[in-house]
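Architecture and fold: a report
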2 protein chains.
Amino acid sequence: MKNIMIIGLGLIGSSIALGIKRDHPEVKIYGVDQEKTLDYALKNDIIDEKSALGAVNQMDVVFLATPLDSALELIQSLSELVFDHPILITDTSSTKVEILAQAKALLTQPLVTFVGGHPMAGSHKSGVHAADVNLFENAYYVLSQENETLKTLLSGLHAKFIIVDAKEHDQVTAQVSHFPHIIASSLIQQSNHYAKNHPLVNSLAAGGFRDMTRIAETNSSMWTPILLSNPKAIIQRIESFKAQLDGVSKMISQKDEKGINNFFDSGKKMRQRMEILEGRGAIPNFYDLYLSVPDEKGIVLRVLALLQDISITNIKIYEENREDIHGQLQISFKNEADLQRAKALISIATDFKIGE
Amino acid sequence: MKNIMIIGLGLIGSSIALGIKRDHPEVKIYGVDQEKTLDYALKNDIIDEKSALGAVNQMDVVFLATPLDSALELIQSLSELVFDHPILITDTSSTKVEILAQAKALLTQPLVTFVGGHPMAGSHKSGVHAADVNLFENAYYVLSQENETLKTLLSGLHAKFIIVDAKEHDQVTAQVSHFPHIIASSLIQQSNHYAKNHPLVNSLAAGGFRDMTRIAETNSSMWTPILLSNPKAIIQRIESFKAQLDGVSKMISQKDEKGINNFFDSGKKMRQRMEILEGRGAIPNFYDLYLSVPDEKGIVLRVLALLQDISITNIKIYEENREDIHGQLQISFKNEADLQRAKALISIATDFKIGE
């Protein structure tokens, strides 16, 4: 593995490039994208050389790090080339059934191996400027089949590789990702429509509504192909959710107090169980310190000064929208050891109450 | 207005007590709750005297700051007393139609005035220990009718009073609050059920899923009465949402790329418009500073040291779950003036890029 081509130097492609370089400075990375993007990537040592699709036959590994529809087209183009040496092709798109079917149908030359990939990390930022060698740290990286070559090449990403059957992948992501995006956008659409006759909707929406609709601020050019690529699983989730809502509706109209209590209580327990899967889950903020702090100015500064040698990933000050910084701080660390160091430091230096 | 009784010294009742005392130290606040709660409230100057329902005839104003079902029962109890002087009774519950109907039917003595109230603020904390004089700062406080006495009494809450017809209130909160709680719990229930045959659901759920289900960690003893008190509006929201989902389902099965693009794009625009309603909306984090900071340890500390004389309500470090603190900081302030001061300070003292 000496020559690696990355087609598409967005957030994902360029972060993969940096991750490969971390453990394998000996490989040469060729980038394919718009000229402006390539200029930036070359100048910032994300790639070693600008390239173009025509050079693909000199490559050992090719990453299709584009939106799904472009990746499908790229497989078509690649299938029209004749390869004279073994080549490994992989993608990074969010559904796996369609692209594997495309690869199986078209990439039939014996020298070509296709492995589906889905690195499950993201950022609110996009594009080559957002390239981040740590983007995939502890994130799941789904592969459609075992492939040691690829795992070795990608070791510097510090991701957690997991082999998942394509169909299972698409069903699971329909539930935890694709359908939630539909819910968020649908709730916004519904509220916006309702606001025409009930304008207070725009005023009285609060924090819960904001959090539930955050992922509605999404990129249609990424998400439309995902929905179209996974119709069966998504429509099944929609139908199952409608049945779930009918159940709630029925409990409400039958004044089934016990049933509604149980609906909320069991939902709460289920969610808490999901978050207990901390070390294994894809939900970030695994290592959280909850700290009750006094109602004093500069208190966050004091806490951060104490913890200045420990990497912090997030600080949340509860009682937001209030006059003073007080109440509870949630400080997130990158691992258990750092959390424990922080707890020890806080216990020694302060009398702040550490929560569970 | 000299004697005020607050029945129910939870988060809401005890924070109202503190808010009244801020502007009106002359009034005497009587608390009604469990003995342990009253002890704490008295010791911490939240109330001036422990009391009991029997003393209600000596009061000028009575707050029913209990869950909805208890408030309905309290109205029944109060209606059985004979008042010999004018008394103002108000509540704090999350629906307004049912309690106003109860009050209208039962509180028929000419000396009794009932005004429905809904202070729209909350916290992840609950109970008298969480009492916070700033809890309602800039939050909407819905009243079912104009009442200057009440607004004057509550001036120290620094809330935004708004008169909303009870039916309209219940319809709007069904959309922005009650139904979203049903969605969150339903999504958890659905995912948990699906996980029985697709265990990866528990692993691959990520940040978007977490945010959408946060409000599923709710208190059934508060939420069940709300749902049962607002059945018509909530069931209507459920039916309308099912129709919305059917529309998406249809676009997916018809491979309507343009329609799905438009669904996501318009949803994104609608949400951005909602957040533009900053100064007026109930969504907090109105005054946000976005700061691109270098990838250096201690950078958050440096920024907070610069801003130490300005009240900060929240700090979010993007690129969470990453090794180093870097990328973008989102720092939230309590008003425009503080945001502008912070911007000026940052511009003078650093070369960090300030985002929009």
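Just so you know, the residues in each chain are numbered from 1, in the order the chain's sequence is written. Chains and ligands are labelled sequentially in the order written, the chains with letters from A and the ligands with numbers from 1. Reporting of local features is limited, given that this is a predicted model, to residues whose pLDDT is at least 70; pairs of side-chain atoms are given and counted only at 80 or more, and all residues count toward the totals for whole chains, interfaces and linings. Side-chain measures were taken over the full set of non-hydrogen atoms in the model, leaving aside hydrogen atoms and water.

A few words on the overall build of chain A. Secondary structure summary: chain A contains 13 helices and 13 strands in total. On the principal axes, the C-alpha backbone points of chain A span a range of 65 × 55 × 35 Å. Exposed residues in this analysis have more than 50% of their type's maximum accessible area, buried residues have under 20%, and partly exposed residues fall in between, with area computed by a 1.4 Å probe over protein chains only. Evaluated residue by residue, chain A yields a buried proportion of 58% over its 356 residues. Residues counted as positive are Lys and Arg, residues counted as negative are Asp and Glu, and His and the chain ends are not counted. Taken as the charge location is NZ of Lys, CZ of Arg, CG of Asp or CD of Glu. Taken as two groups, the 35 positive and 43 negative side-chain charges of chain A have centres that lie 5 Å from each other. Only DSSP runs of H or I covering at least 4 residues are called helices, and only runs of E covering at least 2 are called strands; the numbering of each starts at the N terminus.

Turning next to the relation of the copies chain B and chain A. Superposition record for chain B on chain A: RMSD 0.1 Å, screw rotation 180°, translation along axis 0.0 Å. Considering both components of the superposition, the chain copies are consistent with a two-fold axis. Closest to the rotation axis within chain B is the C-alpha of methionine 212 of chain B, separated from it by 2.1 Å. Least-squares superposition aligns the copies on the C-alpha atoms of those residues with pLDDT at or above 70 in both.

Axes, fitted as lines to C-alpha atoms, cover a helix only where it is in contact. Angles between the N-to-C directions of the axes lie from 0 to 180 degrees. Contact geometry for helix 12 (residues 299-306) of chain A and helix 12 (residues 299-306) of chain B: axes closest at 10 Å, N-to-C directions at 150°. The orientation of helix 12 of chain A relative to helix 12 of chain B falls into the category roughly antiparallel. Here helix 12 of chain A runs over helix 12 of chain B; the crossing is left-handed. Mapping the contact onto sequence places Val300, Leu301, Leu304 and Ala305 of chain A in helix 12 of chain A and Val300, Leu301, Leu304 and Ala305 of chain B in helix 12 of chain B. Note on terminology: angles under 35 degrees are roughly parallel, angles over 145 are roughly antiparallel, angles of 65 to 115 are roughly perpendicular, and the others are oblique. Throughout, a crossing is termed right-handed when the near helix is turned clockwise from the far one, and left-handed when it is turned anticlockwise from it by less than a right angle. The contact definition used throughout considers only heavy atoms, calling two residues in contact when any of these lie within 4.5 Å.

Each strand in a sheet pairs with another by means of backbone hydrogen bonds, the pair being arranged parallel or else antiparallel. Residue and element names in this part refer to chain A. The pairing criterion is simple: DSSP has to find at least two bridges between the two strands. Across the sheet, which stays open at both edges, the six strands sit in the order 3-2-1-4-5-6 with parallel pairing between neighbours. With partners counted over all chains shown, the strands left at the sheet margins are strand 3 (49-50) and strand 6 (112-115), one partner each. Across four bridges, strand 1 (residues 3-7) lies against strand 4 (residues 61-64) in parallel orientation. By the bridge assignment for strand 4, methionine 5 is matched with valine 62. Across the sheet, helix 1 (residues 11-23) touches strand 1, strand 2 (28-32) and strand 4, and the angle it forms with strand 1 is around 160°.

On to the packing of aromatic side chains. Residue and element names in this part refer to chain A. Side-chain rings of Phe, Tyr and Trp (the six-membered ring for Trp) are treated as a pair once their centres are within 6.5 Å; stacked means planes under 30 degrees apart, edge-to-face means over 60, and tilted covers the remaining angles. Under the definition given, this model contains eight aromatic pairs over all chains. Ring centres of phenylalanine 263 and phenylalanine 264 lie 5.3 Å apart, and the angle between their planes is 55°; on these two criteria the pair is classed as tilted. The exposure class assigned to phenylalanine 264 is buried, which follows from its relative accessible area of 0%. One aromatic cluster is present, formed by Phe136, Tyr141 and Phe161 through successive ring pairs. In this scheme, Lys NZ or Arg CZ marks a charge over a ring once it lies within 6 Å of the ring centre and within 35 degrees of the ring normal. Over the ring of tyrosine 140 we find lysine 160, and its NZ or CZ is 4.6 Å from the ring centre.

The subject of this paragraph is the pairing of strand 6 (residues 112-115) of chain B. Across a regular strand the side chains alternate sides, sitting on one face of the sheet and then on the other. Residue and element names in this part refer to chain B. Direction of pairing for strand 5 (residues 87-91) relative to strand 6: parallel, over a ladder of four bridges. When the sheet's bridge partners are listed, isoleucine 89 is paired in strand 6 with phenylalanine 114. With the strands aimed away from the viewer, a crossover counts as right-handed if its path from the first strand over the helix to the second runs clockwise. A crossover links strand 5 with its parallel partner strand 6, the connecting element being helix 4 (residues 97-106), and its sense is right-handed.

Residues and elements named next belong to chain B. In a helix, the anticipated span is given by 1.5 Å times the number of residues less one. The terminal C-alpha atoms of helix 6 (residues 166-195) lie 41 Å apart, and with 30 residues this matches the ideal 44 Å at 1.5 Å per residue to within 8%. Fitting axes to the seven residues that end at a residue and to the seven that start at it, the angle between those axes gives the bend at that residue. Of all the bends in helix 6, the greatest measures close to 55° and is centred on alanine 174. Taking the backbone nitrogen of lysine 167 as reference, a side-chain oxygen 3.2 Å away marks aspartate 165 as the first, capping residue of helix 6. What qualifies as a polar contact is a pair of N or O atoms within 3.5 Å, subject to a donor-acceptor requirement within protein and to the restriction that residues adjacent in sequence count only when both atoms come from side chains.

Here the focus is the side chain of threonine 213 of chain A. Residue position: threonine 213 of chain A is located in helix 8 (residues 207-213). Here phenylalanine 209 of chain A takes part through its backbone oxygen, which lies 2.9 Å from a polar atom of the side chain of threonine 213 of chain A. Looking at threonine 213 of chain A, its side chain comes within polar contact range of the side chain of arginine 271 of chain B, at 2.9 Å.

With that settled, the discussion passes to the interface of chain B and chain A. Interfaces are often sized by the accessible area lost when the parts come together. In this assembly, 127 residues from chain B lie in contact with 128 residues from chain A. Two parts placed together each lose some accessible area under a 1.4 Å probe, and the buried area is that loss summed for both. Approximately 12800 Å² of surface area, both sides summed, lies buried where chain B meets chain A, with 61% of it carried by carbon and sulfur atoms. A pairing counts as a salt bridge when a side-chain nitrogen of Lys or Arg comes within 4 Å of a carboxyl oxygen of Asp or Glu. Of the charged contacts, one joins arginine 271 of chain A and glutamate 217 of chain B as a salt bridge, the two residues approaching to 3.0 Å between their closest N and O atoms. Counting every contact that joins chain B to chain A gives 32 residue pairs in polar contact (both at pLDDT 80 or more). Tallying contributions element by element places helix 6 of chain B first for the side of chain B that touches chain A, with 20 residues. As a working rule, the residues Ala, Val, Leu, Ile, Met, Phe, Trp, Tyr, Cys and Pro are called nonpolar, Asp, Glu, Lys and Arg charged, and the rest polar, with Gly in that last group. The residue makeup of the side of chain B that touches chain A, split by class, is 54 nonpolar, 43 polar and 30 charged.

Glancing now at the pairing of strand 10 (residues 287-293) of chain A. All names here are of chain A. Here strand 10 lies mainly inside the structure; five of its seven residues are buried. Pairing geometry for strand 10 and strand 13 (residues 353-354), over two bridges, is antiparallel. Bridge pairing in strand 13 links serine 292 to lysine 353.

Right, let's get into the domain arrangement of chain A. All names here are of chain A. Taken domain by domain, chain A comprises domain 1 (3-164), domain 2 (167-253) and domain 3 (287-354). Facing 12 residues of domain 1, the contacting portion of domain 2 comprises 12 residues. Summed over both sides, the interface of domain 1 with domain 2 buries roughly 900 Å², with 69% coming from carbon and sulfur. Of all residues in domain 1, Ser94, Thr95 and Val97 bury the most surface against domain 2, accounting for 44% of the area lost on that side. Across the domain 1-domain 2 interface, the total number found is zero salt bridges. Between domain 1 and domain 2 we count five residue pairs in polar contact (both at pLDDT 80 or more) in total. Only helix 3 (68-79) and helix 4 (97-106) provide two or more residues apiece to the side of domain 1 that touches domain 2. Segment limits for the domains were obtained from an automatic or database-derived domain assignment.

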